[in-house]
Amino acid sequence: MERFKKIFISTVFLLTSAGIAFAADLSIESDKQTFKMEENKAKFDGNVKVKMDDINAKAPRAEVFIDPKTKQLTDAVMYDQPYVVQVKQDKTNEIKANILKMSLLNKTIKAEGNTQTTVTPKDAPKPTVIITADAQSYDTKTKTLTAHGGVIIYYKDVETFSDSAVANLTKNGDLQKITLTGHGRLKQKDSVITADKFIYDAVQEIAYGLGNAHSDVDMDGTRINVWSDRQEYYKASNIIQASGKVHVIYKDYDAKGPKATVYPDPKTNKPNEIVFIGRSTIVEQMRSIEADRIKMFINPKNFFAEGNVKTVIRNVDSKSNNLTE
């Protein structure tokens, strides 16, 4: 059964005509609509517009599937680079992809192929959140977005890369937390942190790197590298806390210990002080120093050691006295 051009069909009319009892806030508008009840689906072609609650989607064509047993609408699939927009009071959420699947029962959206999700506050010149991936899914009930395959997230001045990611949003649609797994990398200004798994608390602005964590920070052209089992980065204070097999390299400094904290200079806000807690060792040129606490300074370059300090001078060029000729 075909409809005429630009017919708007509400869910109530559609399901009543099909003899189906189902309550949902769904409407579909298109140039042409074809219903094939024997195939348990409906086809929509030309300027397709789908509305589900506060979500609006547009596409050149779409299909809606019906469960043969329950006679309920299950999924709406939109093809040929569809576009979804959700307008909140103070922001707009948008999703673009090659294919979009909207679950009418679970209230979820799945995007496949060249997906991009953006969150733009009202009157903002550009989005504050941009997520690109091979595939993304969004649960409108739990406000959870899951992305897989080459995931890249831009959030304010933070840029992340990973194999997969989960973004938790607040009821208002604000970013609450990001969890990255698989080759995770977080970049912010002159700092790059990598780890097996990342958790970024967007509310507290704290990044947790778990498993093989590594921070690479630029200091006026010279890099500071910090390796450890776990690292925490506090954006507000620009402090990095590392624990578990900590290893720091800066110029000819090579220091190791169980725990270390990197503090910024109060004036420049750049890393300038590294404090090792626990039995630690620092190697500089020809000497090695072991102590319970070691404090390294970058500018001016210096360090202090305290607590059971032990110094070893290596490769001392000395000639033994020859008592016989």
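**Student:** Report on the overall build of the protein, specifying residues and quantitative values.
**Tutor:** For the protein, the count of helices and strands is 1 helix and 23 strands. Residues counted as buried form 43% of the 325 residues belonging to the protein. A separation threshold of at least 6 residues defines the contact pool for the protein, and within that pool the share at least 24 residues apart is 34%. Put simply, the protein shows about 17,400 Å² of open surface, and 50% of that area lies on carbon and sulfur atoms.

**Student:** Requested: an account of empty space enclosed by the protein, with residues and values cited.
**Tutor:** Counted according to the given criterion, the structure contains 3 cavities of 30 Å³ or more. There is about 170 Å³ of room inside the largest cavity. Lining the largest cavity we find 18 residues, and of these N93, T117, Y138, L145 and L169 sit closest to its centre. Listing elements by their share of the lining of the largest cavity, those giving two or more residues are β7 (83-87), β8 (91-96), β10 (108-121), β11 (129-139) and β13 (158-169). Among the residues forming the lining of the largest cavity, the class breakdown is 13 nonpolar, 4 polar and 1 charged.

**Student:** Give me the lowdown on the packing of aromatic side chains, citing residues and values where you can.
**Tutor:** Counted according to the given criterion, the structure contains 4 aromatic pairs. Between Y253 and F303, the ring centres sit 5.8 Å apart and the planes meet at 85°, which makes this aromatic pair edge-to-face. Placement of Y253 in strand β19 (residues 253-264) and of F303 in strand β22 (residues 302-306) is noted, with a sequence separation of 50 residues between them. Of the two residues, Y253 and F303, neither departs from the other in class, the shared state being buried. Here the aromatic rings of F297 and F304 are separated by 6.0 Å at their centres, their planes lie at 85°, and the arrangement is edge-to-face.

**Student:** So what's going on with unusual backbone geometry? Residues and values would help.
**Tutor:** Cis geometry marks the peptide bond from N299 to P300, where omega comes out at 0°. Residue placement: P300 occurs in the loop between β21 (287-297) and β22. With phi around 50°, N47 is a residue other than glycine that occupies positive phi space. Position of N47 among the secondary structure elements: in strand β4 (residues 41-52). Overall, the relative accessible area of 44% leaves N47 in the partly exposed class.

**Student:** Describe the nonpolar core, listing the residues and the values that go with them.
**Tutor:** By size, the foremost hydrophobic cluster in this structure holds 48 residues, and its most contacted members are I224, F276 and M296. For F276, the residues in contact, after removing those within four places along its chain, are V246, V248, A255, K256, G257, K259, A260, D292, R293, I294 and M296. Judged by nonpolar contacts, the second largest core, of 25 residues, contains I28, M78, I95 and I109.

**Student:** Got a sec to walk through the layout of surface pockets? Specific residues and values, please.
**Tutor:** Looking at the largest pocket, its volume works out to about 260 Å³. Of the residues in the lining of the largest pocket, the class split is 3 nonpolar, 5 polar and 6 charged. Of the volumes computed, that of the second largest pocket is approximately 160 Å³. Considering only residue class, the lining of the second largest pocket consists of 4 nonpolar, 3 polar and 3 charged.

**Student:** Could you give an account of the pattern of salt bridges, with specific residues and numbers?
**Tutor:** Following the criterion strictly, the structure yields 18 salt bridges and no others. As a salt-bridge pair, K41 and E39 come within 3.8 Å of each other at their nearest N and O atoms. Judged by relative accessible area, which is 40%, E39 ranks as partly exposed. The partner of R223 in a salt bridge is D218, with the nearest N and O atoms 3.3 Å apart. Exposure remark for R223: the relative accessible area of 32% places this residue in the partly exposed category. Shared partners join several salt bridges into a network, and the residues in it are D252, E284, R287 and K301.

**Student:** Could you give an account of the confidence of the model for the protein, with specific residues and numbers?
**Tutor:** Looking at the protein as a whole, its pLDDT mean stands at 84, while 89% of the residues score no less than 70. Contacts for the low-pLDDT stretch residues 1-24, under 50 throughout, to residues beyond four places or in other chains number 50 contacts. Within the model, pLDDT remains below 50 along residues 320-325, and this stretch shows 0 contacts once partners closer than five positions in the same chain are excluded.

**Student:** Lay out the side chain of T115 in plain terms, naming residues and giving numbers.
**Tutor:** Its place among the elements puts T115 in strand β10. Of the residues examined, T115 reaches a relative accessible area of 2% and is grouped as buried. In terms of polar contacts, T115 uses its side chain to reach the backbone carbonyl oxygen of A133, at 2.6 Å. A polar atom in the side chain of T115 sits 2.9 Å from the side chain of Q136. Not counting chain neighbours up to four residues away, the residues in contact with T115 comprise K96, A97, I131, T132, A133, D134, A135 and Q136.

Reading guide: rules and limits
- Residues numbered from 1 in each chain as written.
- Predicted model: local features only at pLDDT ≥ 70, side-chain atom pairs only at ≥ 80, totals over all residues.
- Heavy atoms only, no water.
- Helix = DSSP H or I, 4+ residues; strand = E, 2+ residues; numbered from the N terminus.
- Buried < 20%, exposed > 50% of the residue type's maximum accessible area, 1.4 Å probe, protein only.
- Contact = heavy atoms within 4.5 Å.
- Areas by Shrake-Rupley, 256 points an atom, 1.4 Å probe, with all protein chains shown as cover.
- 1 Å grid on protein atoms, 1.4 Å probe; cavity = no way out; pocket = protein on both sides within 12 Å on 5 of 7 lines; lining within 4 Å.
- Points joined across faces, edges and corners; volume = space filled by probe spheres on them.
- Nonpolar A, V, L, I, M, F, W, Y, C, P; charged D, E, K, R; others polar.
- Phe/Tyr/Trp six-rings, centres within 6.5 Å; stacked < 30°, edge-to-face > 60°.
- Core = buried A, V, L, I, M, F, W, Y, C linked by side-chain atoms within 4.5 Å.
- Salt bridge = Lys/Arg side-chain N within 4 Å of Asp/Glu carboxyl O.
- pLDDT = per-residue confidence, 0-100.
- Polar contact = N/O pair within 3.5 Å; in protein donor to acceptor, adjacent residues only side chain to side chain.

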